[in-house]
Amino acid sequence: MRLLALAAAVVALVGFAGVVGGASKQTAAEARYALEIEAWCARWWAEYAALGQPETMPEWSSWLARSAPLVTEQEREFAQLEPPASYRGAAARLQAHISGEKPITREMLAAARRGDEETFERLVVSLEPSGREWNDAMRRIGASGCVADAAS
């Protein structure tokens, strides 16, 4: 069950944090984008937090089913944000992160519905590299409030 707690932290990487961070030596356009991303993250962290903290396979099944429409809306909103040229690569990696996790979370939902903790936990672990990439891209943008911390 320890991995189920880890799952909450890792899956939250699809979700996001909400403390304004910012990076030094940003251009005005970069700073504007970082603040837009911070606001976007704060909104989505709140949406995911409102779903509660799942612990059991049935709770995960419910949580993942309820979060799916949120992920779709979150992805749509992210695509509408316009990064400055210097952040387009990082923004593309973030968009790929969101899109890439969707099939994995569908597999997680199926495993949770079956009560298959072993498969569920394997899928959670498979999300960790993507989560690290997410955090790195957010730090490069200066949106440190969007960095999910496994200890949170």
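What comes next concerns the included structure. (Residues numbered from 1 in each chain as written. Predicted model: local features only at pLDDT ≥ 70, side-chain atom pairs only at ≥ 80, totals over all residues. Heavy atoms only, no water.)

1. Regarding the state of the cysteines
Here, the word disulfide means a covalent bond between the sulfur atoms of two cysteines.
Right, so step 1: Counted according to the given criterion, the structure contains one disulfide.
Right, so step 2: A sulfur-sulfur distance of 2.0 Å marks the disulfide that ties Cys41 to Cys146. Between Cys41 and Cys146, the S-S dihedral sits near 115°, and the bridge is therefore right-handed. In this pair, Cys41 is assigned in helix α2 (residues 28-50) and Cys146 in the segment after α6 (128-141), connecting sequence segments 105 residues apart. Here the two residues Cys41 and Cys146 agree in accessibility, since each one is buried. (Disulfide = S-S within 2.5 Å. Helix = DSSP H or I, 4+ residues; strand = E, 2+ residues; numbered from the N terminus. Buried < 20%, exposed > 50% of the residue type's maximum accessible area, 1.4 Å probe, protein only.)

2. With respect to the pattern of salt bridges
Right, so step 1: A complete count under the given rule lists seven salt bridges for this structure.
Right, so step 2: For Arg32, the salt bridge is made with Glu36, and the minimal N-O distance between the two is 3.0 Å. Pair noted here: Arg32 and Glu36 are both in helix α2, with a separation of four residues, about one helical turn.
Right, so step 3: You can call Glu36 partly exposed: its relative accessible area is 28%.
Right, so step 4: The salt bridge involving Lys102 is made with Glu75; its shortest N-O contact spans 2.7 Å. With Lys102 in helix α4 (residues 88-114) and Glu75 in helix α3 (residues 57-80), this pair connects stretches of sequence that are 27 residues apart.
Right, so step 5: The structure contains a network of salt bridges with shared partners spanning Arg43, Glu47 and Glu77. (Salt bridge = Lys/Arg side-chain N within 4 Å of Asp/Glu carboxyl O.)

3. Describing the packing of α4 against helix α5 (residues 117-126)
Right, so step 1: Where α4 contacts α5, the two axes come as close as 8 Å, and the packing angle between them is 160°. Of the possible angle classes, the one that applies to α4 and α5 is roughly antiparallel. The handedness of the crossing between α4 and α5 comes out as left-handed. Contact residues: Ile104, Glu107, Met108, Ala111, Ala112 and Arg114 in α4; Thr119, Phe120, Leu123, Val124 and Ser126 in α5.
Right, so step 2: For the contact of α4 with α5, the residue count by class is seven nonpolar, two polar and two charged. (Axes fitted to C-alpha atoms, helices over the stretch in contact; angles between N-to-C directions. Parallel < 35°, antiparallel > 145°, perpendicular 65-115°, else oblique. Left-handed = near helix turned anticlockwise from the far one by under 90°. Contact = heavy atoms within 4.5 Å. Nonpolar A, V, L, I, M, F, W, Y, C, P; charged D, E, K, R; others polar.)

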